[in-house]
Structures are given as C-alpha cells and as structure tokens.
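Residues per chain are reported as follows:
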Amino acid sequence: MYLESVRLLEFRNYERLTLAPSPKLNVLIGENAAGKTNVLEALFLCALGRSHRTRHDGELIRYGKNNASVSLELKKRSGSHSICCRLDSELGKELKADGKPLSRSGELLGLLHVVMFSPEDLKLIKQGPSERRRYIDMGLSQLKPSYYYCLQQYNQGLRQRNALLKTGRAHKDTLAPWDEQLSRLGGRISCLRQEFIKAHSKEAEKLHKSLSGGRETLYVKYLPSIKEHGADYEAALKEAFALNLERDKAIGSTSAGPHRDDVLLELDGRDVRAFGSQGQQRTAALSLKLSELALIKSLTKDTPVLLLDDVLSELDCFRQQQLIELLKDTQVFLTATELFGLRGLDMAVYKVKDGVLSPCGSNQA
Ligand SMILES: Nc1ncnc2c1ncn2[C@@H]1O[C@H](COP(=O)(O)OP(=O)(O)OP(=O)(O)O)[C@@H](O)[C@H]1O
Ligand SMILES: [Mg+2]
C-alpha cells in the first residue's frame with residue numbers, strides 16, 4: 001500500500017502542507033526542529049489514531065489555534081481509501097474513514113498499516129529487559145487483541161499477589177488462588193511471546209546479515225526467567241512460586257514470571273547491549289523492527305508504509321545503501337539532517353524548514 005496524498009492543516013508547526021509523495025522512497029531533509037518528525041507523526045496518527053510520542057492530542061494542534069487536521073488518500077491492493085483525523089481543542093478527536101465517522105480509534109486499525117522506527121526504538125537494545133518486553137507486548141497486542149487482555153489480567157493479579165506479599169499475611173493458602181491464576185495466564189503469555197520472537201527472529205537475523213553485508217550474525221531468542229522449564233511453563237511457574245515463597249515474602253514482590261523475562265540479542269555470540277558498537281546496535285534494532293514489516297506483509301498480503309525517523313546517522317554508507325536496497329518495494333518516509341550516502345538513488349527529496357516542505361526533485365545527486 002502507499003499514500004497518494006497527504007494534507008496537514010494547523011498540525012504542529014505546519015500551517016498548511018499538501019504533498020503527493022512518491023510510492024517509493026521519500027526523503028525529508030532539514031535541520032533540527034524543522035518539522036520532519038512532525039510529518040511522520042501525522043501519518044502515524046492516521047494509522048493508529050494516536051501520536052507515537054504523546055498521549056495528549058492537544059499538543060498536535062498548532063500553537064494558538066483551536067483545531068488541526070490530517071487527511072490522507074491511500075492506495076491498497078483492495079482499492080483506494082481516505083482517512084481524515086480532525087483534532088479540536090474542545091471537541092477532541094474525530095476520525096473518518098472513506099468519509100464515514102468512526103466511533104472509536106480501534107476501528108481505524110487495519111486500514112493503513114505503518115511501521116515506525118524512531119530513535120526511541122534504540123531503547124530496545126540499549127536499555128533493560130522491560131523495554132524488550134514492551135516491544136513484544138505492543139507487537140503482539142496489535143496482532144492478537146486477546147493477548148492484550150491476558151496481559152492486563154496477569155498484571156492485575158500480579159499487583160494483588162505483590163500487595164499480599166507485602167502485608168506479611170502471605171502463606172501457601174492465601175497465595176494459592178493467585179498462584180493458580182498467574183501460572184495459567186503467565187504460561188499463555190510466555191508461550192505467545194516465544195512464538196512471536198520465533199516468527200520475528202528468522203527474518204531479523206536475515207535482515208541483519210544483509211544490512212551488514214554478511215559480516216555479522218544476529219541471534220535472537222526469548223529468555224524466560226525460569227530456566228529449564230521445558231514445554232510446560234505453567235507447571236514450572238507454579239513450582240517456582242512455591243520455591244521462591246520465602247524470598248518473595250522477604251522482598252515483597254514476585255521474583256519469577258513473564259514480568260521478569262527478557263529477549264537475548266547476540267551478535268556473533270556476544271551480547272549486543274554490552275559489546276555492540278552504536279552502528280551495530282542500530283542495525284540490530286532496525287532489523288528487529290523491519291522484521292515486523294515482513295510479518296505484516298505476510299499476514300495482510302500488502303506492504304505497510306515505513307516511517308524511518310533519523311535512522312541514517314549512525315550507519316555507514318554501505319549499511320545505508322543496503323537499507324534502501326532492501327526497501328525498494330516499500331513506500332518509505334525517511335527523515336535526516338543531510339543526505340549522507342543516499343545520493344544518486346531513485347527517490348523524492350523534500351527540504352523542510354520551519355514547517356514548510358519544498359520538493360527538490362527526484363534522483364538528487
Ligand atoms: N503544537 C505545535 N505548534 C507549533 N509548533 C510546534 C508544535 N509542536 C511542536 N512544534 C515545533 O515543531 C518543531 C519540532 O518539529 P520536529 O520534531 O518535527 O523536528 P525535526 O525536524 O524532526 O527535528 P530533529 O532533527 O531535531 O529531530 C519544534 O520547533 C517545535 O517547537
Ligand atoms: Mg525529528
């Protein structure tokens with residue numbers, strides 16, 4: 001799928017923007033604070049009904065104005081569609097698909113698929129296990145709403161178990177109902193996460209190999225907090241709850257379960273987080289993110305739109321060229337402060353300055 005037209009009105013620092021993007025690579029070049037990410041944010045808004053960087057829709061309305069809008073026309077395998085998102089400081093958000101008002105943001109999902117890679121996604125590699133769990137949880141919830149409900153129930157149960165542990169009244173019998181519920185839900189969560197990582201890892205490993213010109217091997221594996229559990233995570237978790245009882249009481253929290261699981265990311269046998277260079281870490285994060293694109297493509301039989309915010313800066317010329325080569329059948333919106341190694345490619349380049357976007361042609365040298 002690809003966007004045929006984009007229109008912003010009073011959105012962030014844009015008074016008005018009309019754009020007929022290329023169905024392939026679109027590069028937005030500009031200095032810091034010019035308004036490059038704002039354009040990606042507007043596209044993300046029309047795909048998911050919310051911004052990727054704020055929960056407060058009011059922030060998206062241009063300073064001093066009362067309303068803003070983003071309108072898109074998109075071409076899918078199944079035909080043409082339009083999406084419009086209007087934001088009003090008093091009336092809130094109003095979404096329309098093909099001219100028809102939608103009552104909930106959820107109804108928008110599936111019309112326009114985007115995959116966004118932003119500098120925030122580097123947290124996936126650089127920070128602790130909770131960022132990697134968040135990545136899986138977000139990905140899985142989009143693909144499988146039942147996972148989201150399961151996770152919510154688990155987190156609720158976990159809060160109650162932990163509260164009980166803190167009271168000093170926790171013992172085998174009072175904990176039993178929580179242990180029962182948490183091991184059942186935890187078993188399901190862990191199982192789905194492992195399948196998710198398995199589905200992504202092959203593709204991510206392949207992508208990393210291509211991006212690094214065959215020089216590096218990425219290895220991705222789900223790492224449960226309970227070792228040697230075999231296939232029956234539910235039973236193993238129940239056992240771990242019993243085994244850890246004294247310790248859990250002492251620390252006032254539950255020390256095993258999917259809320260303690262992680263994802264192992266290795267490059268040539270070494271932990272990427274500890275030993276990877278900036279560029280290697282970025283390549284690994286990008287490979288994981290791009291594997292989402294392949295997964296959505298195989299599920300929907302259509303190519304999502306890819307939003308790449310500031311990915312080039314830590315990649316060498318070779319990796320930049322490889323990235324673009326891998327994406328040649330995808331509509332991409334890519335932001336950068338300069339063209340780096342992208343010269344001479346088939347692409348549409350736009351200069352962005354103070355909320356004004358001006359095309360500077362294709363095939364820029
Ligand atoms: N509601 C708003 N109204 C007007 N301007 C806004 C609003 N929200 C943000 N801005 C302005 O938009 C600019 C930031 O835009 P954006 O994040 O797109 O920059 P960028 O080109 O991606 O920069 P960088 O290269 O630093 O990432 C800032 O100057 C900010 O003041
Ligand atoms: Mg930016």
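Residues numbered from 1 in each chain as written. Chains lettered and ligands numbered in written order. Predicted model: local features only at pLDDT ≥ 70, side-chain atom pairs only at ≥ 80, totals over all residues. Heavy atoms only, no water.

**Quick word on the sheet that holds strand 10 (residues 262-267)**
Point 1. Here three strands make up an open sheet; going across it, the order is 9-10-11 and the pairing antiparallel. The open sheet terminates on both sides in strands that have one partner only, identified here as strand 9 (218-223) and strand 11 (270-271).
Point 2. One ladder, built from six bridges, connects strand 9 with strand 10; its direction is antiparallel. Bridge pairing links L218 to L267 in strand 10.
Point 3. With respect to the sheet, helix 3 (residues 129-143) is in contact with strand 9 and strand 10, its orientation differing from that of strand 10 by roughly 105 degrees.
Point 4. Its contacts with the sheet put helix 5 (residues 172-211) on strand 9 and strand 10, and the angle it makes with strand 9 is roughly 175 degrees. (Pairing = 2+ DSSP bridges. Helix = DSSP H or I, 4+ residues; strand = E, 2+ residues; numbered from the N terminus. Contact = heavy atoms within 4.5 Å. Axes fitted to C-alpha atoms, helices over the stretch in contact; angles between N-to-C directions.)

**Quick look at the domain arrangement of the chain**
Point 1. By domain assignment, the chain separates into domain 1 (2-113 + 302-362) and domain 2 (124-274).
Point 2. Domain 1 and domain 2 are separated by 34 Å when their C-alpha centres are compared.
Point 3. On the side of domain 2, eight residues touch domain 1, which itself brings six residues to the contact.
Point 4. Broken down residue by residue, the surface that domain 1 buries against domain 2 is led by F318, R319 and L326, which jointly contribute 64%.
Point 5. For the interface between domain 1 and domain 2, the tally reads one salt bridge.
Point 6. When the shortest N-O distance is used, the salt bridge between R319 and E216 registers 2.6 Å.
Point 7. Counting every contact that joins domain 1 to domain 2 gives two residue pairs in polar contact (both at pLDDT 80 or more).
Point 8. The greatest single-element share of the side of domain 1 that touches domain 2, amounting to five residues, is contributed by helix 10 (residues 317-326).
Point 9. Looking at the side of domain 1 that touches domain 2, its residues break down into four nonpolar, one polar and one charged. (Domains from an automatic or database assignment. Buried area = accessible area lost by both parts, 1.4 Å probe. Salt bridge = Lys/Arg side-chain N within 4 Å of Asp/Glu carboxyl O. Polar contact = N/O pair within 3.5 Å; in protein donor to acceptor, adjacent residues only side chain to side chain. Nonpolar A, V, L, I, M, F, W, Y, C, P; charged D, E, K, R; others polar.)

**Quick word on the environment of R104**
Point 1. In this structure, R104 sits in the loop between strand 7 (100-102) and strand 8 (114-117).
Point 2. Exposure remark for R104: the relative accessible area of 58% places this residue in the exposed category.
Point 3. Put simply, R104 and K289 are 185 residues apart on the chain and 27 Å apart in space, counted from C-alpha to C-alpha. (Buried < 20%, exposed > 50% of the residue type's maximum accessible area, 1.4 Å probe, protein only.)

**Digging into the site of ligand 1**
Point 1. In the vicinity of ligand 1 there are 15 residues, among which A33, K36, T37, N38 and I61 approach most closely.
Point 2. Contact distances for ligand 1 include 2.7 Å between an oxygen atom and a backbone N or O atom of A33.
Point 3. Measuring from an oxygen atom of ligand 1, one finds a side-chain N or O atom of R53 at 3.2 Å.
Point 4. Surface burial for ligand 1 is 74%, taken as the share of its 650 Å² of free accessible area covered by protein chains.
Point 5. Its residues placed into classes, the shell around ligand 1 shows four nonpolar, five polar and six charged. (Near = heavy atom within 4 Å. Areas by Shrake-Rupley, 256 points an atom, 1.4 Å probe, with all protein chains shown as cover.)

**Considerations on helix 4 (residues 145-167)**
Point 1. Here helix 4 is 23 residues long and its end C-alpha atoms lie 34 Å apart, about the 33 Å a rise of 1.5 Å per residue gives.
Point 2. Regarding helix 4, the residues found buried are Y147, C150, L151, Y154, G157, L158, R161, N162, L164 and L165.
Point 3. As for helix 4, its buried residues are in contact with helix 3, helix 5, helix 6 (233-243) and helix 7 (245-251).
Point 4. Phi for G168, located one or two positions after helix 4, is positive at around 90 degrees. (Expected span 1.5 Å × (residues − 1).)

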